[in-house]
Amino acid sequence: MRMSAQGSLLQRQHADRAVSSEKSLPTRLSRAYEKEERFVDVVIQIGLLALGFVLLVKGADWFVEGASRLAEKFGIPQLVIGLTIVAMGTSLPEAAVSVSAALKGSAEITIGNIVGSNIMNILLILGLTALITPIAVQKSTVRYEIPFVIVVSAILVAMGAAGDNLLHLSDGLILWALMLCYLGYLLVIAKKGGGLPEEMPEEKPMPVWKMLALIVLGGAMIVLGSDVAVDAATELAMIFGMSERLIGLTIVAFGTSLPELVTSVTAAIKGKADIAVGNIVGSNIFNILFVVGTSALITPVAYAPEFLTDGIVCIAAAVLLWICVFKNKRLGRVGGLLMLLGYGGYFMYLMR
């Protein structure tokens, strides 16, 4: 009897395990399917993000080329073209992404993109460039432009910290007024010969229809690229449970800073990195005054309290650059290493 009872108990246990296994099989299959679906979704969104960045960069390139050629056709001096269309053209990817994000209600991507790009431009791009080869810095950059980028970075933080943590139309007007002052300064420096561009090589004539086509196609690619990039970045943030702030400060900022990264590192490898600091500082100034200013003119832009720390890091990065180049008008390998270590520390702070 005892043996029979034990046998019956074992049979019931085996039967329970079999039923449990049958019940858990659909669950395991469902989880495996969800993981596979999530992986495919991540790959698709990363692909769309990359496509958005390609459209942004190439679109900005075509737009600037078409607009520059058209302006030249109508007799506008190269100096004015260089200080307006070309200079602002380098900030077009950031501008398109930031405005698109603001209109979509993803304000954390708007501010994160600009603040993240500015931090990355100095600490990562200049740090990497200086590590490859020391960079000479113009006297005007040390005396005026780096202090000015520190000031406008501080103004952005003050605007964000004030009142309702929103950048309004009035803030946009202030930033645009400062940008016009900066353009005036650049014009004076260029006329004195301190920032005059080298003679451009003779270019083949371009028909007006082609100039217009480049402007229209480039503009369309910028709009489409910004739309795709913002949607993909938002979707990735949702998939990984990350904040839009973190996505904006890292992935989106890296994508929109790619032109500066490629240009600076390539110039350093070719031994022509002397203009890198001036270009990066100028890009950072335009990012704040032109991009954030334009975004605030179009729609109120939220400046979350969390961005105050990032804004202070942005100011500190510019101060570190100024300290490194103040004495010798040169950014050496030690300064470059300090900047890379600084970015490493900031990245660890973001990932904590």
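Q: So what exactly am I meant to see when it comes to helix α8 (residues 244–269) here?
A: In an α-helix, one full turn covers 3.6 residues, which means residues spaced three or four apart are oriented alike. Here α8 spans 35 Å end to end across 26 residues, near enough to the 38 Å set by a 1.5 Å rise per residue. Of the residues one or two after α8, Gly271 is the one with positive phi, at around 75 degrees.

Q: Can you walk me through the packing of aromatic side chains in this structure?
A: For any pair of aromatic rings, the description consists of the separation of the ring centres together with the inter-plane angle of the planes. With the rule as written, the count across this model stands at ten aromatic pairs. With 4.8 Å between their ring centres and 50 degrees between their planes, Trp322 and Phe326 make a pair best called tilted. Separated by four residues within a single helix, Trp322 and Phe326 lie in helix α10 (residues 307–326), roughly one turn from each other. What makes Phe326 partly exposed here is its relative accessible area of 46%. Members of the aromatic cluster, each reached through a chain of ring pairs, are Tyr144, Phe148, Tyr182, Tyr185 and Phe286. The side chain of Arg245 reaches across the aromatic face of Phe307, ending 6.0 Å from its centre.

Q: I tried to follow the side chain of Ser117 on my own but got confused; where do I start?
A: Inspection of the secondary structure assignment puts Ser117 in helix α4 (residues 107–132). Of note is the side chain of Ser117, whose polar atom sits 3.5 Å from the backbone oxygen of Ala253. Ser117 has contacts with Glu94, Gly112, Ala253, Thr256, Ser257 and Asn287, leaving out every residue within four places of it along the chain.

Q: Looking at this structure, how should I read the pattern of salt bridges?
A: Working definition: two side chains of opposite charge can pair if their charged atoms are close together. What the rule picks out here adds up to two salt bridges. Where Asp61 meets Lys58, a salt bridge forms, and the shortest distance between an N and an O atom there is 3.6 Å. Taken together, the residues span about one helical turn, with Asp61 and Lys58 both in helix α1 (residues 2–73) at a distance of three residues. Judged by its relative accessible area of 36%, Lys58 falls in the partly exposed class. For Arg245, the salt bridge identified is with Asp310, shortest N-O distance 2.9 Å. You can see Arg245 sitting in helix α8 and its partner Asp310 sitting in helix α10, a full 65 residues away along the chain. A residue is classified by how much of its surface remains accessible, and Asp310, at 0% relative accessible area, is buried.

Q: Teacher, can you tell me more about the environment of Leu340 here?
A: Relative to the elements of secondary structure, Leu340 occurs in helix α11 (residues 333–351). Each C-alpha atom, one on Leu340 and one on Gly127, is 5.3 Å from the other, the two residues being 213 residues apart in sequence. Once you skip the residues sitting within four places of it in the chain, Leu340 turns out to touch Leu123, Leu124, Gly127, Leu128 and Leu131.

Q: It is not clear to me how α4 should be interpreted in this structure. Could you clarify?
A: For α4, with 26 residues, the first-to-last C-alpha span of 36 Å sits near the 38 Å given by 1.5 Å per residue. Roughly 35 degrees is the biggest bend found in α4, and it falls at Asn121.

Q: Would you mind going over the packing of α10 against α11 with me for this structure?
A: Any two packed helices are characterised by the angle at which their axes cross and by the distance between the axes. Where α10 contacts α11, the two axes come as close as 10 Å, and the packing angle between them is 170 degrees. With respect to their mutual orientation, α10 and α11 come out roughly antiparallel. Side by side, α10 and α11 meet where Thr309, Asp310, Val313, Leu320, Leu321 and Cys324 of the first sit next to Gly335, Leu338, Met339, Tyr346, Tyr349 and Leu350 of the second. Of the residues that constitute the contact of α10 with α11, the class distribution is nine nonpolar, two polar and one charged.

Q: I tried to follow the side chain of Thr110 on my own but got confused; where do I start?
A: Inspection of the secondary structure puts Thr110 in helix α4. The class of Thr110 is buried, set by a relative accessible area of 1%. Not counting residues up to four positions away in its chain, the partners in contact with Thr110 are Ser98, Ala101, Ala102, Ser295 and Val301.

Q: Could you clarify how one ought to interpret the nonpolar core in this entry?
A: When a protein is soluble and globular, its nonpolar side chains tend to lie buried together. Counting residues in hydrophobic clusters, the biggest one holds 60 residues, and the most contacted among them are Ile122, Leu126, Leu167, Val277, Leu321 and Leu331. Counting residues per element, the ones that place at least two in this core are α3 (92–103), α4, α5 (139–161), α6 (169–192), α8, α9 (276–298), α10 and α11. Ignoring any residue separated from it by four or fewer positions in sequence, one finds Leu331 in contact with Leu126, Ala130, Pro134, Ile135, Val137, Val277, Leu321, Cys324, Val325, Gly336 and Met339.

Conventions adopted
- Sequence positions are assigned chain by chain, starting from 1 and proceeding in written order.
- Where local features are concerned, this predicted model is filtered to residues with pLDDT of at least 70; where side-chain atom pairs are given and counted, the filter is 80 or more; whole-chain, interface and lining totals use all residues.
- Processing note: side-chain calculations cover all non-hydrogen atoms of the structure and skip hydrogens and water entirely.
- Secondary structure elements follow DSSP: runs of H or I no shorter than four residues count as helices, runs of E no shorter than two count as strands, and numbering proceeds from the N terminus.
- Expected helix span is taken as 1.5 Å per residue step, with the number of steps being one fewer than the number of residues.
- A pair of aromatic rings is counted whenever rings of Phe, Tyr or Trp (Trp by its six-membered ring) have centres within 6.5 Å, and the orientation is called stacked for planes under 30 degrees apart, edge-to-face for over 60 and tilted otherwise.
- Note on exposure labels: buried denotes an accessible area under 20% of the residue type's maximum, exposed denotes more than 50%, and partly exposed covers the range between, all computed with a 1.4 Å probe on protein chains only.
- Two conditions define a charge sitting above a ring: the NZ of Lys or the CZ of Arg must be within 6 Å of the ring centre, and it must be within 35 degrees of the ring normal.
- Here a polar contact is taken to be a pair of N or O atoms separated by no more than 3.5 Å, where protein atoms must pair a possible hydrogen donor with a possible acceptor and residues adjacent in sequence count only if both atoms sit in side chains.
- Between two residues, a contact is recorded if the distance between any of their heavy atoms is within 4.5 Å.
- Salt bridge, as applied in this entry: a Lys or Arg side-chain nitrogen positioned within 4 Å of an Asp or Glu carboxyl oxygen.
- The reported bend at a residue is simply the angle between two axes, fitted to the 7 residues ending at it and to the 7 residues beginning with it.
- Between N-to-C directions, angles cover 0 to 180 degrees, with each direction set by a line fitted to C-alpha atoms, over the stretch in contact for helices.
- Angle categories: roughly parallel below 35 degrees, roughly antiparallel above 145, roughly perpendicular from 65 to 115, and oblique for all the rest.
- For this classification, Asp, Glu, Lys and Arg are treated as charged, while Ala, Val, Leu, Ile, Met, Phe, Trp, Tyr, Cys and Pro are nonpolar and the rest, including Gly, are polar.
- To define a nonpolar core, start from buried Ala, Val, Leu, Ile, Met, Phe, Trp, Tyr and Cys residues and group those joined through side-chain atoms within 4.5 Å.

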